[in-house]
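# Understanding the architecture of this molecule
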Amino acid sequence: GENVEQHPSTLSVQEGDSAVIKCTYSDSASNYFPWYKQELGKRPQLIIDIRSNVGEKKDQRIAVTLNKTAKHFSLHITETQPEDSAVYFCAASRQAGTALIFGKGTTLSVSS
Amino acid sequence: GAVVSQHPSRVICKSGTSVKIECRSLDFQATTMFWYRQFPKQSLMLMATSNEGSKATYEQGVEKDKFLINHASLTLSTLTVTSAHPEDSSFYICSAGQGARKTQYFGPGTRLLVL
């Protein structure tokens with residue numbers, strides 16, 4: 001089955017810096033890669049997703065890149081703000097709407 | 001985004017009792033819902049896929065007789081933890097896909113504490 005590895009497990013940055021979180025996956029049939037943000041005690045919230053027919057997608061300060069050959073994808077957050085502090089999870093599935101396999105999460109701390 | 005609700009938000013029960021958790025899609029129909037479990041400071045682990053009108057599909061290592069799933073309508077899936085034990089204490093979260101792009105939206109989760 002699918003296995004998703006996520007690094008780093010913790011990331012501390014200064015406000016205004018960029019943050020990058022990387023994930024690799026094992027199932028070459030995976031085609032859908034969402035990223036979720038989870039604040040303490042709350043539900044995961046989708047922040048951006050990418051499908052395998054696209055190499056990069058951007059939404060304001062957030063961008064995701066995908067390298068299907070290498071089977072890895074990354075989340076980029078620019079101009080970080082304290083409210084970006086949370087746990088971020090990458091996930092993979094064979095197609096949107098099917099079960100997601102999550103990485104272990106990255107705790108991002110943005111200090112002002 | 002689409003709204004998925006869960007009930008109850010928190011539950012405390014005695015060891016050996018059963019607990020039912022409801023997951024509802026409030027403004028859309030979901031033929032498939034997913035149940036995840038999240039232990040403190042850990043990731044979401046897929047437990048099972050709930051299919052409307054048919055049996056659920058369980059992930060390896062998840063006991064189907066212990067975690068009973070019923071998906072009786074297009075807007076409701078229930079997870080029943082039978083004969084709960086302290087090690088079942090966890091955060092249980094459901095999700096459902098909505099729209100043409102099938103974006104998955106998560107419920108607010110149910111925190112279960114088994115004493």
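The preceding data block contains the structure.
A short tour of the structure in this document, coming up. Here the structure is a predicted model, which means the values were calculated and not measured. The numbers attached to residues start from 1 for each chain and follow its sequence in the written order. Chain A is the first chain written and ligand 1 is the first ligand written, with later ones labelled in order. Predicted model: local features are reported for residues with pLDDT of at least 70 only, side-chain atom pairs are reported and counted for 80 or more only, and whole-chain, interface and lining totals are derived from all residues. Side-chain metrics rest on all non-hydrogen atoms present in the structure, leaving aside hydrogens and water.

### Some remarks on the side chain of Asp 27 of chain A
Residue and element names in this part refer to chain A. Among the secondary structure elements, Asp 27 is positioned in the loop between β3 (19-25) and β4 (32-38). Polar contact criterion, stated in full: a pair of N or O atoms within 3.5 Å, where within protein one must be able to donate a hydrogen and the other to accept it, and residues adjacent in sequence count only if both atoms are side-chain atoms. For Asp 27, the side chain forms a polar contact with the side chain of Arg 94, separated by 3.0 Å. Contacts between residues were defined by any pair of non-hydrogen atoms, one from each residue, lying within 4.5 Å. Not counting chain neighbours up to four residues away, the residues in contact with Asp 27 comprise Glu 2, Lys 71 and Arg 94. In this text, helices come from DSSP runs of H or I with a minimum length of four residues, and strands from runs of E with a minimum of two, each type numbered from the N-terminal end.

### Observations concerning unusual backbone geometry
Between His 7 of chain A and the following residue, Pro 8 of chain A, the backbone shows a cis peptide bond with an omega angle of -5°. Looking at the secondary structure, you find Pro 8 of chain A in the loop between β1 (4-7) and β2 (10-14). Pro 8 of chain B follows His 7 of chain B through a cis peptide bond whose omega is 0°. Relative to the helices and strands, Pro 8 of chain B resides in the loop between β1 (4-7) and β2 (10-13). One non-glycine residue with positive phi stands out, namely Glu 79 of chain A, at about 45°. One can find Glu 79 of chain A in the loop between β8 (72-77) and β9 (86-92). Relative accessibility under 20% of the residue-type maximum defines a buried residue, over 50% an exposed one, and the middle range a partly exposed one, all with a 1.4 Å probe and only protein chains included. Judged by relative accessible area, which is 52%, Glu 79 of chain A ranks as exposed. Positive phi, close to 60°, is recorded for Lys 41 of chain B, a residue that is not glycine. Along the polypeptide, Lys 41 of chain B turns up in the loop between β4 (32-38) and β5 (44-51).

### Comments concerning the layout of surface pockets
Think of a 1 Å grid over the protein atoms and nothing else: a 1.4 Å probe that fits but is trapped marks a cavity, an open set flanked by protein within 12 Å on at least five of seven lines marks a pocket, and residues with an atom within 4 Å of a point count as lining. Grid points are joined across faces, edges and corners, and a volume is the space filled by probe spheres set on the points. Taken as a whole, the largest pocket holds about 710 Å³ of empty space. When contributions to the lining of the largest pocket are tallied by element, the ones reaching two or more residues are β1 and β10 (101-102) of chain A together with β5 of chain B. No other element matches β5 of chain B, which puts four residues into the lining of the largest pocket. Here the residues of the lining of the largest pocket are counted per class, giving twelve nonpolar, nine polar and seven charged. Empty space within the second largest pocket amounts to approximately 490 Å³. Forming the walls of the second largest pocket are 23 residues, and the residues nearest its centre are Leu 40 and Val 87 of chain A together with Gln 38, Lys 41 and Gln 42 of chain B. Of all the secondary structure elements, the ones that give two or more residues to the lining of the second largest pocket are β9 and β11 (106-111) of chain A. Note on residue classes: Ala, Val, Leu, Ile, Met, Phe, Trp, Tyr, Cys and Pro are nonpolar, Asp, Glu, Lys and Arg are charged, and everything else, Gly too, is polar. Partitioning the lining of the second largest pocket into residue classes produces seven nonpolar, eleven polar and five charged.

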